[in-house]
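Given next are the chains, with one letter for each unit.
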Amino acid sequence: MPHKLFPTLLALLLVISGCHRSPASAPREVILYTSVDEPVFRPILDGFTVRTGIKVLVKTDAEAAKTAGLVETLRAERANPQADVFWDNEVFHMINLGDDGVLAPYQSPAARDIPPQFKDAGGRWASDGLRIRMIAVGRKGEQVTTLEQLTDPALKGRIGMANPAFGTTSGHVAALFVLWGQPRAEKFLRDLKANDVKLLGGNGEVVKQVAAGNLYAGLTDNDDIDSMLREGGELKGVPARTKDDPGALAIPVSVALINGAKHPDEAKTLIDYLLSPEVERKLIDAKFTRIGVRHTAAGDTIPVMKVDYTQVARTMPKAVDSARKILEGRE
């Protein structure tokens with residue numbers, strides 16, 4: 001071989017070698033859809049990236065359409081999934097997505113010690129913490145300790161809740177339909193309507209109005225109350241129990257693999273991390289969840305409503321439709 005050709009051939013070999021190496025050296029990534037609040041998820045995901053080198057691309061939703069908007073997006077993308085993992089701030093929509101074939105089974109090793117009631121038997125979802133439905137009360141609403149007391153005429157025009165079409169309010173309404181039966185649940189909703197309940201744009205707006213004194217009491221979640229307390233708001237939270245049941249609705253935060261995920265290995269690595277005891281503890285420390293699913297964290301003594309989550313999920317569409325008609329005055 002002529003000596004003068006050697007540099008040219010060497011350069012060509014280096015180019016070819018570099019082409020073969022580029023896919024392996026490309027940065028790993030995973031696409032996450034989540035309705036968990038950004039101040040909560042951001043440090044958790046940053047820690048995951050530092051530990052694994054996997055970049056997490058996140059899609060969230062507006063407060064007013066929390067969860068529901070992402071759920072409809074996942075359904076619309078079912079034929080060509082864009083997400084790899086869904087981290088939901090509740091479980092009822094997640095169960096229905098599983099029934100619709102949007103989720104793929106994955107038995108994460110991190111979920112082995114999670115109690116059966118907080119994970120799907122088929123591996124389509126598992127929970128990393130429990131949020132609690134609460135009643136936010138201001139100084140003029142401190143007598144309220146049960147859901148039924150929200151119908152007290154003394155509070156007329158001074159009670160509020162999020163629109164039942166969105167967020168955790170959807171699941172709460174459906175849980176009451178399951179717990180009480182449809183006639184009693186609908187009577188309660190009619191009594192709220194008669195008491196001039198205000199339908200607001202989200203649980204966060206409920207606590208803002210209570211802290212401002214515009215409302216005396218309202219339905220919300222534990223994390224919204226804790227967030228307002230950190231801002232110096234004047235209110236307190238009591239578990240949203242009923243007069244004949246000491247338990248408030250506990251809502252599992254849930255994690256699932258999307259059927260047809262384009263980054264399945266990275267997705268499973270992320271799911272394992274999100275379901276770990278470490279992240280369970282981080283969610284409690286951030287005051288996003290109130291109770292750990294593994295029953296090892298402070299706050300486990302809060303009584304919770306005994307209700308079948310799957311039954312609630314399947315009741316939810318009918319219950320929400322009924323609730324909207326009653327509360328919006330359209331029945």
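### Considering the nonpolar core
Thought 1: With 102 residues, the main nonpolar core has Phe-86, Trp-87, Phe-92, Ile-135, Leu-150, Leu-192 and Leu-270 as its most contacted residues.
Thought 2: Residue contacts for Leu-192: discarding those within four places in its chain leaves Leu-150, Thr-151, Ile-159, Met-161, Val-197 and Leu-327.

### Focus on unusual backbone geometry
Thought 1: For Asp-196, which is not glycine, the phi dihedral falls at a positive 60 degrees.
Thought 2: Following the sequence through the fold, Asp-196 ends up in the loop between α6 (182–194) and β7 (198–200).
Thought 3: According to the relative accessible area criterion, Asp-196 is partly exposed, its value standing at 33%.

### What to know about the pairing of strand β8 (residues 217–221)
Both faces of the sheet carry side chains from a regular strand, because those side chains alternate between them.
Thought 1: The element β8 is extensively covered by neighbouring structure, given that five of its five residues are classed as buried.
Thought 2: Along β8, one buried face is formed by Ala-217, Leu-219 and Asp-221 and the opposite face, lined by Gly-218 and Thr-220, is buried too.
Thought 3: The pairing of strand β5 (residues 126–137) with β8 spans five bridges and is antiparallel. Along β8, the bridge assignment pairs Val-137 with Ala-217.
Thought 4: Relative to β8, strand β6 (residues 159–162) runs parallel, the two being bridged by two bridges. Paired with Gly-160 across the strands is Gly-218, a residue of β8.

### Focus on the packing of aromatic side chains
Thought 1: Counted according to the given criterion, the structure contains four aromatic pairs.
Thought 2: Plain terms: the ring middles of Phe-48 and Tyr-273 are 5.4 Å apart, the flat faces sit at 40 degrees to each other, and that makes the pair tilted. Here Phe-48, found in helix α2 (residues 38–52), pairs with Tyr-273, found in helix α9 (residues 264–274); they are 225 residues apart in sequence, far enough to count as distant.
Thought 3: The buried category is assigned to Phe-48, whose relative accessible area is 1%.
Thought 4: By relative accessible area, which is 8% here, Tyr-273 ends up buried.
Thought 5: When the centroid spacing of 5.9 Å and the interplanar angle of 50 degrees are considered together, the rings of Phe-92 and Tyr-309 count as tilted. Here Phe-92, found in helix α4 (residues 92–99), pairs with Tyr-309, found in helix α11 (residues 309–327); they are 217 residues apart in sequence, far enough to count as distant.
Thought 6: Using a relative accessible area of 0% as the deciding quantity, one classes Phe-92 as buried.
Thought 7: By relative accessible area, Tyr-309 is classed as buried at 10%.

### Considering the pattern of salt bridges
Thought 1: Tallied over the entire structure, the rule returns 24 salt bridges.
Thought 2: Two residues, Arg-75 and Glu-72, come together in a salt bridge whose shortest N-O distance is 2.9 Å. One end of the pair is Arg-75 and the other is Glu-72, both in helix α3 (residues 68–76) and three residues apart, which spans about a single turn.
Thought 3: In this structure Arg-75 comes out as partly exposed when scored by relative accessible area, which is 23%.
Thought 4: Across the salt bridge formed by Asp-120 and Arg-124, the nearest N and O atoms sit 3.0 Å from each other.

### So, the packing of helix α5 (residues 167–180) against α11
Thought 1: Contact geometry for α5 and α11: axes closest at 7 Å, N-to-C directions at 100 degrees. It follows from the interaxial angle that α5 and α11 lie roughly perpendicular. Residues Ser-170, Gly-171, Val-173, Ala-174, Ala-175, Phe-177 and Val-178 of α5 touch α11, and the partners they reach there are Gln-311, Val-312, Thr-315, Met-316, Ala-319, Val-320, Ser-322 and Ala-323.
Thought 2: Grouping the constituent residues of the contact of α5 with α11 by class yields 10 nonpolar, five polar and no charged.

Calculation notes
Residues numbered from 1 in each chain as written. Predicted model: local features only at pLDDT ≥ 70, side-chain atom pairs only at ≥ 80, totals over all residues. Heavy atoms only, no water. Core = buried A, V, L, I, M, F, W, Y, C linked by side-chain atoms within 4.5 Å. Buried < 20%, exposed > 50% of the residue type's maximum accessible area, 1.4 Å probe, protein only. Contact = heavy atoms within 4.5 Å. Helix = DSSP H or I, 4+ residues; strand = E, 2+ residues; numbered from the N terminus. Pairing = 2+ DSSP bridges. Phe/Tyr/Trp six-rings, centres within 6.5 Å; stacked < 30°, edge-to-face > 60°. Salt bridge = Lys/Arg side-chain N within 4 Å of Asp/Glu carboxyl O. Axes fitted to C-alpha atoms, helices over the stretch in contact; angles between N-to-C directions. Parallel < 35°, antiparallel > 145°, perpendicular 65-115°, else oblique. Nonpolar A, V, L, I, M, F, W, Y, C, P; charged D, E, K, R; others polar.

These results come straight from atomic positions and should not be treated as a statement about function.
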